[in-house]
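Take a look at the letters that make up each chain.
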Amino acid sequence: AQVALRRARYSAETGDYAAAIVAAQSAVTLAQSADAIELEGRAYVAWGRILWRRGEYEGARAQLEQALALALAPEQRRLKADALNSLGNVYLYQGDYAQARACYELTLPLYRELGNRQGEGNALYNLGYVAHDLGDLAAASIYYHQALDIYREIGFRRGEGTALMIYGNVLQSLGDYVSAQEHYEQALQILSSIGNRQSEALALANIGSILMALGACAGARPYFERTLSIQRELGDQRGEGAALASLSSFFHSLGDNEAAEEHARQALSIFQEIGDRYHQGYALTHLGHALCGLGQWHAAADAYSHAVGLRRELGELHLAMESLAGLVHVSLARDDLAQALTYTEQILKHLEGGSLDGTDEPIRIYLSCYRALQALHDPRAAKILETAHALLQERAAGIDDEEMRRSWLQNVPSHWEIVAAYQERQPKQQVVRLPGAGAPTGRRLRDDEYVGITWTLVAPDDAGIPDEIDLRRRRLVRLLQQAAEQGAAPTVDDLAAALGVSRATLKRDLTALRQAGHEVRTRGSNT
């Protein structure tokens, strides 16, 4: 039974799941015949872990619950801890974070009492995973560092590799792309060297994701395709679905939305079959992106709405924001500004007490909100744009490689759109030469009777005024105020030229402003 159990573990680590299951079943049978209760329980744990890795969650839970039923005696605390830890993994991928955390919190003191450092590291790692999925990146970082320190201390290479990889996810979510990529590459080197193919596939997928995030889409494809190939060879349904979802995002970024839709639907089908609700949210969001790219607005709205409902049900409120941003985009495409505002308000409400940490594309979320508020001439558009631009520049500053930084800013559509919108809203100024305020009228002015001043032709607040005539008159008032402040007295012709209108139009505007109570003075005017 012991030999069969070791064979099961070895086959699982090297990715031969079929052989691993046969060996685990053999271990159970042999342990039962020898009346070795703890060994039988360990065999059930191994069997359950193999099924969990394959995405067969209900089968995994059945085996792990059998192990727990055998772990009743005080001397079987190790068996109980191992079974609970693995059962927590099943709950985690089914989206039941409360149950998953409860299992991990029960295992941590058990492993510490036993002096089992690897088990302690695993419990900490898994608690970090829960925190990460729920958007608490600070707590996740602490747990992952504690786990990594333990794994290195005891020389557990697979643990070290996976901890490096998952901590890279935290760094990527925080926008530290350079450090994230370094962690992924270190993890890949370790996991490849020990022959753990499943974790190696995950490291490859993460490198692909960081290249996508940096705008280097062409370089990402081989990593995703290699990941998909490995996961299919292993029979890992969850891993296969995740690779398909990544490829959907890849094809969407290239504008090949037919391929993006196909891959997203394949991923969604797998996740629904195995009951992986966490990954269903990603697949639905990717599907929504693809359908938007195809102009299938109704179907896209359905996908996004389903994703939002699922995320909220699981407590993944930060991840729901990505799908809500998709619904904003759909509403704008349908010219339904009222609905776009409704969805935008939900995102803004979340931002009042939460953040977008842990989301894949926070800039894309901000961009959707900005577009909606801008279309509605809502003054909050300026604040959202400033926040998005500041985040963009903060993260760009952390990319030391100039070419990589340029790619990140210019090759990711949402990024360059934010930059362009921000630049468009910046004040547009002009230096002009105008008669001085005290210069006499009735004769040609000398050179020393002119002054150079700066006029602001376009200001950020102008964007909130939809009516063209109101906007022009607001600018006229501003130009006159700035001229007076700088000691100049512009003529009607000076003002008409600055605003790009005729002399007659400018005079009508001046008359209207005076009738409205504004004190507008031009050179030579009495009022």
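Since we're looking at a predicted model, the values are computed, not measured. (Residues numbered from 1 in each chain as written. Predicted model: local features only at pLDDT ≥ 70, side-chain atom pairs only at ≥ 80, totals over all residues. Heavy atoms only, no water.)

(A) Quick peek at the overall build of the protein. Looking only at helices and strands, the protein has 25 helices and 2 strands in total. Computed over C-alpha atoms, the radius of gyration of the protein comes to 31 Å, more than 25% over the 24 Å expected from 2.2 N^0.38 for 527 residues, which places it beyond the range of a compact globule. Along the first, second and third principal axes, the C-alpha atoms of the protein reach 120 × 45 × 40 Å. Burial statistics for the protein: of 527 residues in total, 53% are counted as buried. Put simply, 58% of the contacts in the protein that link residues at least 6 apart link residues at least 24 apart. Element-wise, carbon and sulfur atoms account for 48% of the exposed surface of the protein, whose accessible area totals about 23300 Å². For the protein, the separation between the mean place of its 52 positive charges and that of its 66 negative charges on side chains is 5 Å. (Helix = DSSP H or I, 4+ residues; strand = E, 2+ residues; numbered from the N terminus. Rg over C-alpha atoms; globule rule 2.2 N^0.38 Å. Buried < 20%, exposed > 50% of the residue type's maximum accessible area, 1.4 Å probe, protein only. Contact = heavy atoms within 4.5 Å. Areas by Shrake-Rupley, 256 points an atom, 1.4 Å probe, with all protein chains shown as cover. Lys, Arg positive; Asp, Glu negative; His and termini not counted. Charge placed at Lys NZ, Arg CZ, Asp CG, Glu CD.)

(B) Layout of the side chain of asparagine 257. With respect to the helices, strands and loops of the structure, asparagine 257 is situated in helix α14 (residues 257-274). Reaching out from asparagine 257, the side chain makes a polar contact with the side chain of histidine 252 at a distance of 2.7 Å. Residues contacting asparagine 257, with those up to four places away along its chain left out, are His252, His289, Ala290, Gly293 and Leu294. (Polar contact = N/O pair within 3.5 Å; in protein donor to acceptor, adjacent residues only side chain to side chain.)

(C) Representation of the packing of aromatic side chains in the model. Applying the stated rule across the entire model yields 10 aromatic pairs. Their ring planes at 80° and their centres at 5.4 Å tell us that tyrosine 278 and tyrosine 282 sit as a pair that is edge-to-face. On the criterion of helical spacing, the pair formed by tyrosine 278 and tyrosine 282 is a turn pair, its members being 4 residues apart in helix α15 (residues 277-293). The pair formed by tyrosine 278 and tyrosine 282 is uniform in burial state, with each residue classed as buried. One aromatic cluster in this structure is built from Trp52, Tyr57, Tyr93, Tyr125, Tyr129 and Tyr144. Positioned above the aromatic ring of tyrosine 282 is the side chain of arginine 311, whose terminal nitrogen or guanidinium carbon lies 4.4 Å from the ring centre. Here the basic side chain of arginine 433 rests over the ring of tyrosine 450, its NZ or CZ set 4.3 Å away from the ring centre. (Phe/Tyr/Trp six-rings, centres within 6.5 Å; stacked < 30°, edge-to-face > 60°. Lys NZ or Arg CZ within 6 Å of the ring centre and 35° of its normal.)

(D) Summary view of a positive patch on the surface. Together, Arg6, Arg9, Arg42 and Arg49 make up a positively charged patch on the protein surface. For the positive patch, the secondary structure elements donating two or more residues are α1 (2-13) and α3 (37-53). Locating arginine 6 in the fold gives a position in helix α1. (Patch = residues over 30% accessible without salt bridge, like charges linked within 9 Å, V, L, I, M, F, W, Y side chains within 5 Å. Salt bridge = Lys/Arg side-chain N within 4 Å of Asp/Glu carboxyl O.)

(E) Inspection of the packing of helix α6 (residues 97-114) against helix α7 (residues 117-133) at higher detail. Interaxial distance between α6 and α7 falls to 8 Å at its minimum, and their mutual angle equals 155°. It follows from the interaxial angle that α6 and α7 lie roughly antiparallel. Seen along the crossing, α6 lies across α7 with a hand that is left-handed. In contact with Tyr97, Ala100, Arg101, Tyr104, Glu105, Thr107, Leu108, Tyr111 and Arg112 of α6, α7 contributes Gly119, Glu120, Ala123, Leu124, Asn126, Leu127, Val130 and Asp133. Residue composition of the contact of α6 with α7, grouped by class: 9 nonpolar, 3 polar and 5 charged. (Axes fitted to C-alpha atoms, helices over the stretch in contact; angles between N-to-C directions. Parallel < 35°, antiparallel > 145°, perpendicular 65-115°, else oblique. Left-handed = near helix turned anticlockwise from the far one by under 90°. Nonpolar A, V, L, I, M, F, W, Y, C, P; charged D, E, K, R; others polar.)

(F) Molecular detail of the state of the cysteines. Per the stated rule, a full pass over the model turns up 0 disulfides. As a non-bridged cysteine, cysteine 217 has cysteine 292 as the owner of its nearest cysteine sulfur, 18 Å distant. This cysteine, cysteine 369, is not joined by any disulfide, and cysteine 292 carries the nearest cysteine sulfur, 15 Å off. In this structure cysteine 369 comes out as buried when scored by relative accessible area, which is 0%. (Disulfide = S-S within 2.5 Å.)

(G) Representation of helix α21 (residues 402-410). For α21, the full list of buried residues reads Ser407, Trp408 and Leu409. Buried-residue contacts for α21 involve α10 (177-194), α11 (197-213), α20 (380-397) and α22 (413-425).

(H) Region of the structure containing helix α12 (residues 217-234). Between its terminal C-alpha atoms α12 stretches 26 Å, which fits the 26 Å expected from 18 residues at 1.5 Å a residue. The elements touched by buried residues of α12 are α2 (17-33), α11 and α13 (237-254). Just downstream of α12, glycine 235 is the residue with a positive phi angle, here 75°. (Expected span 1.5 Å × (residues − 1).)

(I) The nonpolar core, seen in detail. By size, the foremost hydrophobic cluster in this structure holds 150 residues, and its most contacted members are Leu92, Tyr125, Tyr144, Ile347 and Trp408. Dropping the residues within four chain positions of it, isoleucine 347 is found in contact with Met321, Leu324, Ala325, Val328, Ile365 and Cys369. Within the second largest apolar cluster, 20 residues are counted, among which are Val477, Val492, Leu495 and Leu510. (Core = buried A, V, L, I, M, F, W, Y, C linked by side-chain atoms within 4.5 Å.)

(J) A look at the environment of aspartate 360. Along the chain, aspartate 360 falls in the loop between α18 (337-353) and α19 (362-375). It is 8.4 Å that separates the C-alpha atoms of aspartate 360 and alanine 213, two residues lying 147 residues apart in sequence.

(K) Representation of the pattern of salt bridges within the structure. In total, this model carries 28 salt bridges according to the counting rule given. A salt bridge links glutamate 449 to arginine 446; the nearest nitrogen and oxygen atoms lie 3.5 Å apart. For glutamate 449, a relative accessible area of 12% gives the class buried. The salt bridge involving aspartate 509 is made with arginine 473; its shortest N-O contact spans 2.8 Å. With a gap of 36 residues between them, aspartate 509 in helix α25 (residues 503-515) and arginine 473 in helix α23 (residues 468-485) connect regions that are remote in the sequence. What makes aspartate 509 buried here is its relative accessible area of 1%.

(L) Layout of unusual backbone geometry. A positive phi is found at aspartate 35, a non-glycine position, where the angle reads about 55°. Tracing the backbone through its elements, the reader meets aspartate 35 in the loop between α2 and α3. Residue aspartate 35 is classed as exposed on the basis of its relative accessible area, which comes to 63%. With phi around 60°, aspartate 335 is a residue other than glycine that occupies positive phi space. With respect to the helices and strands, aspartate 335 occurs in the loop between α17 (317-333) and α18. On the basis of relative accessible area, aspartate 335 is assigned to the exposed category, the value being 66%.

By themselves, these are just geometric observations and shouldn't be taken as functional.
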